[in-house]
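# A structural walkthrough
This is what each chain is made of:
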Amino acid sequence: MLERTSMTLRLSLLFALLSTAVLAGTGLYLYGSLERHFEEQDSVELAGKVDLLRHMLAGMRTRGEVIASEQRIRDALVGHARLHVALLDRDGTTLFSNTRLRPPPEQVANAVPAGMTPRATGVWDSAWGTRYRTLSAWADLATNGESLLLALALDTVEHEGLLAAYRGNLLLVLLLAGVAAALSGFVVVHRGLRPLHAMAGTAYRISASHLGERLDEAHSPPELRQLAVAFNAMLTRLEDSFGRLAGFSSDLAHELRTPVNNLMGQTQVALTRTRTTDEYRRVLESNLEELECLSRMITDMLFLARADHAQVTLRTETIDLRAELEKLADFYEAHAQERGVRVMCGGEGRVTADRLLVQRAVSNLLSNAIRHTPSGGEVRLQAARDDGGVVTVSVSNVGRGIPREHLGRIFDRFYRINSARDGFHDGMGLGLAITRSVMLLHGGRVSVESVPDGVTTFTLQFPAAFADDRHVPREAAWQRATTGGLPSQAGGDTNLMALDNRQSGRPG
């Protein structure tokens, strides 16, 4: 039955219901705010009168003097017709009352001590149907040890009447708004569904070879514009994915062709004639290097593919970044000394993240920095936390720098800066892509700033809060790192001291 109902009618009724619900929620919130305002207003008035009466009684010595000052007290209450005040001694004897109203026993029992400022009030529903807001407090006389009870009550008839009128008006407005929303929704939906056939025709023309088609957003009605924008955004993502897939296939084929050709060429040359054992060994060693290159490329691409599809499960724990940076600096110390480069660590910071992935991201940047720092230079690792809780890790070095035209693409896969004149070294072009994927998995980002013939700084930014699966043991994460979840380098070698020999591509 519901399926056969007009979509225009269903959407109109749904629009009316939602509009009414929103208006009802807004009205209830405003009603509650008004009620709280009256409550606070009455409480402030009662507390002010308690302060006034305490001040007056502080200048009186005896109960007789209080009784004699009745007119003075009445004068202080002029202009407060809704206020009922009674002064009682500790025996319950009434010394003063501006009305015949007597406070209920529970009000007397909950009186605020003389040394305390009253903050909360009570509500008393009298037997004749009138509601009062009450406040009781003790007040000291000038004589030591003598105190009187102040019992105040403020009728809320006026406020109750205003709230009742507000409720009636709110119900009327909701009824009229619901009818108006239903009628206007019917008209808008009826007109808005007209472009659906045009959208369907455009959708039929879209295919893998015609991803450039887009729905007309400018002339779509407001109700369908979001659908058109979302559909076009999906097409843009699909077109981008197809383009990246085609480019990736081409780049991958190009990258695989070089080591495969080297293997084939060396093997063919070795087979042209009989070789000595040493010659065959040299050929096999050379082939092994090419195979290791292929292995690293395959494991890196496997990691990137899993990261793109969110198939890398993070094993998070609280990490002391300063300790991790010092550990990586120790790992790279020998390599840095060979190149005449110093590695310095500074700053403090803690982050909840996957330790192995963070090590991998930083080690990619550190090995890059060491490679591109001239002899006698310095690489600086710095951890910091800003006022907003964002934790950063920066890797800086002084060198030739990265040309400005390459800064926007150095995190792309297989992207290299092929410039022998500038002294850049070609790697596989995957290291920075892996670093970016690691940061995206942690909800962070990586950025770079570089000055030609100056300082180049890569920065990892971790969000203020990140946690996931904290209870998985570190051994499980390490096993995952060596079995495909976190691809290791150099044929599955898990020795961190070999990090500098296992990093994949670098910029340039």
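Quick summary incoming for the structure in this document. Quick caveat: nothing in here was measured; it's all calculated off a predicted structure.

### Things to note about the overall build of the protein
Counting its regular elements, the protein contains 13 helices and 12 strands. Here the protein, with 508 residues, has 41% of them falling under the buried criterion. Summarising the internal contacts of the protein: among those between residues at least 6 apart in sequence, 69% fall at separations of at least 24. Carbon and sulfur atoms make up 56% of the accessible area of the protein, which totals about 28,100 Å².

### A closer look at the pairing of strand 3 (residues 122–125)
Successive side chains on a regular strand alternate, one facing one side of the sheet and the next facing the other. Here strand 3 pairs with strand 4 (residues 131–140) via 4 bridges, running antiparallel. Within strand 4, the residue paired with W124 across the bridge is Y132. The antiparallel pairing of strand 3 with strand 4 creates a hairpin that spans 5 residues between the two strands, and G129 there sits at a positive phi of about 90 degrees.

### What to know about the packing of aromatic side chains
If you walk through the whole model with that rule in mind, you get 3 aromatic pairs. Between the aromatic rings of F411 and F458, the centroid separation amounts to 6.1 Å while the plane-to-plane angle is 85 degrees, which identifies the pairing as edge-to-face. Taken as a pair, F411 in the loop between strand 10 (391–398) and helix 12 (431–441) and F458 in strand 12 (residues 455–462) lie far apart in primary sequence, 47 residues in all. F411 gets classed as buried once you look at its relative accessible area, which sits at 9%. The ring of W138 carries R90 above its face, with NZ or CZ at 4.4 Å from the centroid.

### Description of unusual backbone geometry
For D453, which is not glycine, the phi torsion reads 55 degrees and is therefore positive. We classify D453 as exposed; its relative accessible area is 59%.

### Brief notes about a nonpolar patch on the surface
Side chains of M7, L11, L14 and L18 sit close together on the surface and give an oily, nonpolar patch of about 350 Å² of accessible area. You can see L14 is positioned in helix 1 (residues 7–57).

### Remarks on the sheet that holds strand 4
Ordered by their spatial adjacency, 5 strands build an open sheet running 2-1-5-4-3, and the pairing between neighbours is antiparallel. Looking at the sheet topology across the chains shown, the edges are occupied by strand 2 (94–97) and strand 3. On average, adjacent strands in this sheet sit at an angle of 25 degrees to one another, irrespective of strand direction. Looking at chain direction, strand 1 (residues 83–88) and strand 2 are connected through 3 bridges and run antiparallel. Looking at the pairing, L87 lines up with F96 of strand 2. In the packing of helix 1 onto the sheet, contacts are made with strand 1, strand 4 and strand 5 (147–155), and the angle to strand 4 comes to roughly 25 degrees.

### Digging into a negative patch on the surface
A cluster of acidic side chains, namely E35, E39, E40 and E160, defines a negative patch on the protein surface. Considering every element that reaches the negative patch, the biggest residue donor is helix 1, with 3 residues. Looking at the element boundaries, E40 is found in helix 1.

### A word on the pattern of salt bridges
Side chains that differ in charge, positive against negative, can pair when their charged atoms come close. For the structure shown, the criterion picks out 14 salt bridges. In this structure, the salt-bridge partner of E70 is R74, at a minimum N-O distance of 2.9 Å. Of this pair, E70 and R74 are both found in helix 3 (residues 70–76), 4 residues apart, which corresponds to roughly one turn of the helix. D453 is the salt-bridge partner of R400, the closest N and O atoms lying 3.5 Å from each other. With a gap of 53 residues between them, R400 in the loop between strand 10 and helix 12 and D453 in the loop between strand 11 (445–450) and strand 12 connect regions that are remote in the sequence. What emerges from the salt-bridge pattern is a single network uniting E317, E324, K327 and R355.

### With respect to the sheet that holds strand 11
If you trace the 5 strands from one edge of the open sheet to the other, you get 7-9-10-12-11, paired in mixed fashion. Looking at which strands have only one partner, the edges of the open sheet turn out to be strand 7 (342–347) and strand 11. Strand after strand, the sheet turns through a mean of 15 degrees between neighbouring axes, direction not considered. Across the face of the sheet, helix 9 (residues 321–331) comes into contact with strand 7, strand 9 (378–385) and strand 10 while running at roughly 175 degrees to strand 7. Against the sheet, helix 12 engages strand 11 and strand 12, with an angle of about 30 degrees to strand 12.

### Points about helix 11 (residues 355–371)
Helical geometry note: an α-helix holds 3.6 residues per turn, so side chains three or four residues apart project in the same direction. Spanning 17 residues, helix 11 covers 24 Å between terminal C-alpha atoms, matching the ideal 24 Å at 1.5 Å per step. Most of helix 11 is tucked away: 16 of the 17 residues are buried. A distance of 3.2 Å separates the backbone nitrogen of L356 from a side-chain oxygen at the start of helix 11, and that oxygen is part of D354.

### Regarding the packing of helix 9 against helix 11
The contact between helix 9 and helix 11 brings their axes to 11 Å, and the two run at 50 degrees. With respect to helix 11, the axis of helix 9 lies oblique. You can see that helix 9 and helix 11 cross each other, and the crossing is right-handed. Residues L321, E324, L325, K327, L328 and A329 of helix 9 form the contact with helix 11, whose participating residues are R355, V358, Q359, V362, S363 and L366. For the contact of helix 9 with helix 11, the class distribution of residues is 7 nonpolar, 2 polar and 3 charged.

About the criteria used
- Residues numbered from 1 in each chain as written.
- Predicted model: local features only at pLDDT ≥ 70, side-chain atom pairs only at ≥ 80, totals over all residues.
- Heavy atoms only, no water.
- Helix = DSSP H or I, 4+ residues; strand = E, 2+ residues; numbered from the N terminus.
- Buried < 20%, exposed > 50% of the residue type's maximum accessible area, 1.4 Å probe, protein only.
- Contact = heavy atoms within 4.5 Å.
- Areas by Shrake-Rupley, 256 points an atom, 1.4 Å probe, with all protein chains shown as cover.
- Pairing = 2+ DSSP bridges.
- Phe/Tyr/Trp six-rings, centres within 6.5 Å; stacked < 30°, edge-to-face > 60°.
- Lys NZ or Arg CZ within 6 Å of the ring centre and 35° of its normal.
- Patch = residues over 30% accessible without salt bridge, like charges linked within 9 Å, V, L, I, M, F, W, Y side chains within 5 Å.
- Salt bridge = Lys/Arg side-chain N within 4 Å of Asp/Glu carboxyl O.
- Axes fitted to C-alpha atoms, helices over the stretch in contact; angles between N-to-C directions.
- Lys, Arg positive; Asp, Glu negative; His and termini not counted.
- Charge placed at Lys NZ, Arg CZ, Asp CG, Glu CD.
- Expected span 1.5 Å × (residues − 1).
- Polar contact = N/O pair within 3.5 Å; in protein donor to acceptor, adjacent residues only side chain to side chain.
- Parallel < 35°, antiparallel > 145°, perpendicular 65-115°, else oblique.
- Left-handed = near helix turned anticlockwise from the far one by under 90°.
- Nonpolar A, V, L, I, M, F, W, Y, C, P; charged D, E, K, R; others polar.

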